[in-house]
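# Architecture at a glance
Residue strings, one per chain:
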Amino acid sequence: MFKEERDESIFEWGMLGDVKLGRPHLGEHVPVDVYRLMQFTLRDEMIRILGVEQTNQIFFAAGKKAGVEFVRNVVGKQADMNVFIEKLQMFLKKLQIGILRVEKADLEHGLLTLTVAEDLDCSGLPVTGEEICVYDEGFIAGLLLEQTGKDFNVKEIDCWCSGDRVCRFAIEPNGIEVKG
Amino acid sequence: MLTIEEQYIDQLTEAIYLLVSGKQTQTIAIPEDLPDNEIRQLYEYFNKMIVELDKASDFSYSLSRGELDYEAPKGKMVLLQSYKNLQASLKHLTWVTQQIAGGDFSHKVDFMGDFSNAFNEMTRQLKEAFETIQQQNKKLEDANATIRADKERIQTLLNSILPVKVIDELNEHGYSAPRYFENVTVFFSDFVGFTKQSSDIDPVTLIDELNSIFKEFDHIVTEMDGERIKTIGDAFLAVWGMHLPLEDHAERAIEAALRMRQFLHKRNENWMLKWEVRIGLHTGNLVGGIVGETKFIYDVFGDTVNIASRMESNSEPMKINISDEVYALVKDKFMTTQRGSIFVKGKGECGMHFVEGRL
Ligand SMILES: [Zn+2]
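Just so it is clear, the model here is predicted, and its values are computed rather than measured. (Residues numbered from 1 in each chain as written. Chains lettered and ligands numbered in written order. Predicted model: local features only at pLDDT ≥ 70, side-chain atom pairs only at ≥ 80, totals over all residues.)

## As for the overall build of chain A
Along its length, chain A carries five helices and four strands. Written out in order from the N terminus, the α and β elements of chain A read α-α-α-α-β-β-α-β-β. Across the 180 residues that make up chain A, the buried fraction comes to 31%. Sequence separation of 24 or more characterises 57% of the internal contacts of chain A that already satisfy a separation of 6 or more. (Helix = DSSP H or I, 4+ residues; strand = E, 2+ residues; numbered from the N terminus. Buried ≥ 20, exposed ≤ 12 C-beta atoms within 10 Å, placed from the backbone. Contact = placed C-beta atoms within 7 Å.)

The following block contains the structure:
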């Protein structure tokens, strides 16, 4: 299941296990540093072996997968896009992933500008002039893909690491219809 | 040891003075002969700061005027970042407000201090007010539906009491004046032996019987464009050519009489209780108008009505008795049998004819 070779994704929500059952004393939460420790050591080793470009591709793809699964298992597909955004906001806050806000929403043309404050991945990181939330980019693309059935380009244009206080994502449709 | 010429310090001091006293500040022109030393570096950083501050003040000035689409300048100064954050919050609030304005009251504003509470409370109250209005609208709609239904019921009732033209007149002017009608045909019918039968049959059945027969009579009258004026006990009075001018009023009235007779024949074949009518018709002039104020009824008056009534009383069971005047109008349309005449007060001798059927 976890270690078998694969050509196609076999991820499913059940792989996350029953945390409540498994951690009766320690509970369901870990500090953010622990999450980041894993992400940034992983990123470090991946860049060393695969290079930056491929590492980013992998992070994006994994984020996208997560986004799709997040809609399927947590948010739920909504008939109305505004309702979807509102529910998403609520869950991201509840699960302490980040504070999602909408700066611009031109639903007719599929143009969105979203900000995530107190982002799980990057808030508080040293300012290095880079936008580093590639996993988030993928995550948002995955959310929108599952909700709308359309593929979106998601680009982080401001990040804590580039000196901003929020991560800002510019979103536009990339014209690829995705079936499924 | 670096020695500084006083003028350089003066220049910087002046620029900073302008800056803190709120005046327009410009970058300082760096003297060309200034060597590449710490002073030059200070100049350069100072100028850079002025540029960044300029961008930040332009940005903040636009925001203060509500220009939320102003493109946030790039830069790392905390001041600029804070304005950018403010812009993001304002844009988000704009979006949330638009959602609420669009009727989606489930949106909330988080992590914006007292403002969040105030805004969310406002949304809650808006939602409440909106729901109250919706409930009231629903009630109003229900009430309107009831009124509409009542109005329809009243209209139906009125239609059965008064001619449509008279109702229109009442609706428009609040009253309906009596009117003189020339050349109309009056129809009278009466059941044979009604008084005798009615003592044998229980009253409820009797009313049921009358109802079912008059319902069909009404139907036939309407079909033939006549107007039912009233029923008097077991008698039925209708007129052709009053509010709706008809050239063939007499022919239509006789056609209706034939159909009524036909209806009764058929009914009697299949029904335990047998009913026979006498029918009489006369053509002439009359006056029509509303009688009474609280319990009004539309009625017709004049010799024409009386003569029609006499035609009926001088008719025979299941016979249609018409006057000379009617006969003159329809003799080419129907087979008739000449009868004797009766004396009518104020008119003299009046000939009578039985209608046998269509020619
Ligand atoms: Zn970021």
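Picking up where we left off.
## Regarding the overall build of chain B
For chain B, the count of helices and strands is 10 helices and eight strands. A total of 359 residues make up chain B; the buried ones form 24% of that total.

## What about helix 3 (residues 78-101) of chain B?
Residues and elements named next belong to chain B. If you check helix 3, its first and last C-alpha atoms are 34 Å apart, about what 24 residues at 1.5 Å a residue would give, namely 34 Å. Regarding helix 3, the residues found buried are Leu80, Tyr83, Lys84, Gln87, Ala88, His92, Val96 and Gln99. Directly after helix 3, the chain includes Gly103, whose backbone phi takes a positive value near 100°. (Expected span 1.5 Å × (residues − 1).)

## As for the interface of chain A and chain B
In this complex, chain A contributes 14 residues to the contact, which on the side of chain B involves 14 residues. Counting only elements with at least two residues in the side of chain A that touches chain B, the list comes to helix 4 (81-94) and strand 1 (99-106) of chain A. By residue number, the principal contributor to the side of chain A that touches chain B is strand 1 of chain A, which donates six residues. Split by residue class, the side of chain A that touches chain B holds four nonpolar, three polar and seven charged. (Nonpolar A, V, L, I, M, F, W, Y, C, P; charged D, E, K, R; others polar.)

## A word on the nonpolar core
Counting 41 residues, the largest nonpolar core has Val186(B), Phe187(B), Val239(B), Ile254(B), Ala257(B) and Leu281(B) as its most contacted members. Of all the elements, helix 8 (residues 249-270) of chain B adds the most residues to this core, at seven residues. Setting aside anything within four residues of it in sequence, one finds Phe187(B) in contact with Leu237(B), Ala238(B), Val239(B), Ala253(B), Ala256(B), Ala257(B), Leu281(B) and Ala308(B). Counting 35 residues, the second-largest nonpolar core is a separate cluster that includes Val75(A), Leu92(A), Cys122(A) and Trp160(A). (Core = buried A, V, L, I, M, F, W, Y, C linked by C-beta atoms within 7 Å.)

## Points about the pairing of strand 1 of chain A
Residues and elements named next belong to chain A. Here seven bridges tie strand 1 to strand 2 (residues 111-117), and the two strands are oriented antiparallel to one another. Looking at strand 2, one finds that Leu100 is bridged to Val116. Hairpin connection of strand 1 to strand 2: four residues between the antiparallel strands, including Gly110 at a positive phi of 70°. (Pairing = 2+ DSSP bridges.)

## What to know about unusual backbone geometry
Residues and elements named next belong to chain A. Unusually for a residue other than glycine, Glu118 sits at a positive phi of about 50°. Positionally, Glu118 belongs in the loop between strand 2 and helix 5 (134-148). Of the residues examined, Glu118 has 18 C-beta atoms within 10 Å and is grouped as partly exposed.

## As for helix 9 (residues 303-313) of chain B
In an α-helix, one turn spans 3.6 residues, which is why side chains three or four residues apart end up on the same side. Among the residues making up helix 9 of chain B, those that are buried are Thr304(B), Val305(B), Ile307(B), Ala308(B), Arg310(B), Met311(B) and Glu312(B). In this structure, the buried side of helix 9 of chain B is in contact with strand 1 (179-191), strand 4 (277-291), strand 5 (297-301), strand 6 (319-323), strand 7 (334-344) and strand 8 (348-358) of chain B.

## Describing the packing of helix 3 (residues 52-75) of chain A against helix 5 of chain A
Residue and element names in this part refer to chain A. Axis separation between helix 3 and helix 5 bottoms out at 6 Å; the angle between their running directions is 40°. Here helix 5 runs oblique to helix 3, going by the angle between their axes. Helix 5 is crossed by helix 3, and the crossing has right-handed handedness. Of the residues in the contact of helix 3 with helix 5, the class split is 15 nonpolar, six polar and six charged. (Axes fitted to C-alpha atoms, helices over the stretch in contact; angles between N-to-C directions. Parallel < 35°, antiparallel > 145°, perpendicular 65-115°, else oblique. Left-handed = near helix turned anticlockwise from the far one by under 90°.)

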